[in-house]
Amino acid sequence: MLRALIFDVDGTLAETEDLHRQAFNRAFAELGLPWRWDEALYADLLTVMGGKERLAHYIDTRHAAEAEALHALAPEIHARKTRAYGELVAESGLPLRPGIARLIAEARAAGLRLAVATTTSRPNVDRLLAANFPPDAAPFDVIAAGDEANRKKPAPDVFLLALAGLDIPASEAVAVEDSAAGISSARAAGLPVLATRSRYTESHPLDGAFSAVSDLGEPERPHRHIAGVEWPGGVVDLANLIRVHATLDDQSTPFQAMGTSR
């Protein structure tokens, strides 16, 4: 029985990653650092999960001679970046990706529980939700954020936290992810995974997901099928997700392997 959906945030709920990149650049400028992360560099840095970890990796690999002083400055950089990200979300009114609001509404109406499992920090999640849901709405029952997990994705920690908060077994939930590390994390926690492509994960292999699509789709804007399970009308809706979930075996059953997007 499908009882819960667990969503990644960055690239899954919304195309947030470029705002994170811009926020880092604002923080660098505020502190007088002559750094600018362009899209190509940021795509490479996204192989490191977590903003704080990404910044530390950049310092170690690009500014090793000044690493000690820069690591001491890193908490201030990240705090300014978090503030800048909130400002950018408010300025842009960053929308949810196609099908996200619809599937969330269908799940809540049917009594399913909803959770977030993300490597980003809780303030970033709160700002995105505030931009897309009414102030009195609480679309997610559980929010497991990166700062609460001992290890970032691809370790399963954050999904295990979400499952513990929901108090359900992995066999009764589906994870929605957009990256190779996220899929590995969810699968390591025992969860079946529905994968969607995002702006910064076009080249990621999606091995381990039972279905991969460009997005969840809308009736007037069907998604592009990539691999695995296909969805009627190019739309992932709750009725068909429940039907598909009932056909999936437990973690011991290999899922169809899937490569890069066609």
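Numbering of residues starts from 1 in each chain and follows the order in which that chain's sequence is written. Reporting in this predicted model follows two pLDDT cut-offs: at least 70 for local features of residues, and 80 or more for side-chain atom pairs to be given and counted; totals over whole chains, interfaces and linings ignore these cut-offs and use all residues. Hydrogens are left out, water is left out, and the side-chain values use all remaining heavy atoms of the structure.

Draft legend 1. The arrangement of the pattern of salt bridges in detail. By definition, a salt bridge exists where a carboxyl oxygen of Asp or Glu is found within 4 Å of a side-chain nitrogen of Lys or Arg. Enumeration according to the criterion identifies 18 salt bridges in this entry. A salt bridge links R97 to E15; the nearest nitrogen and oxygen atoms lie 3.8 Å apart. Of this pair, R97 sits in the loop between α4 (67-92) and α5 (100-109) while E15 sits in the loop between β1 (4-7) and α1 (17-30); the two residues are 82 residues apart in sequence, bridging distant segments of the chain. Any residue under 20% of the maximum accessible area for its type is buried, any over 50% is exposed, and the rest in between are partly exposed; the area is computed with a 1.4 Å probe on protein chains only. We classify R97 as buried; its relative accessible area is 10%. E15 sits in the partly exposed class, given a relative accessible area of 30%. By definition, any uninterrupted DSSP run of H or I lasting at least four residues is a helix, any uninterrupted run of E lasting at least two residues is a strand, and each is numbered from the N terminus.

Draft legend 2. Here's a closer look at helix α8 (residues 180-188). All of the buried residues along α8 are A181, G182, I183, S185, A186 and R187. On its buried face, α8 is in contact with α7 (157-166), β4 (173-177) and β5 (193-196). Two residues or fewer past α8, G190 is found with a positive phi of approximately 90°. Contact criterion: two residues are considered in contact whenever any of their non-hydrogen atoms come within 4.5 Å of each other.

Draft legend 3. View of the packing of aromatic side chains. Any Phe, Tyr or Trp ring, taking Trp's six-membered ring, that has another such ring centre within 6.5 Å forms a pair; planes under 30 degrees apart are called stacked, those over 60 apart edge-to-face, and the others tilted. Going through the model one piece at a time under the given rule, you end up with 9 aromatic pairs. Between the aromatic rings of F28 and W35, the centroid separation amounts to 5.1 Å while the plane-to-plane angle is 75°, which identifies the pairing as edge-to-face. Here F28 falls in the buried class, since its relative accessible area comes to 0%. On the basis of relative accessible area, W35 is assigned to the buried category, the value being 9%. Geometrically, the ring pair formed by F28 and W37 is edge-to-face, given 5.0 Å between the ring centres and 70° between the ring planes. Each residue in the set F24, F28, W35, W37, Y42, Y58 and Y200 is aromatic and connected to the rest through ring pairs, giving one cluster. In this scheme, Lys NZ or Arg CZ marks a charge over a ring once it lies within 6 Å of the ring centre and within 35 degrees of the ring normal. It is K81 that lies over the ring of Y85; its NZ or CZ is 5.5 Å from the centre.

None of this, on its own, says anything about what the molecule does.
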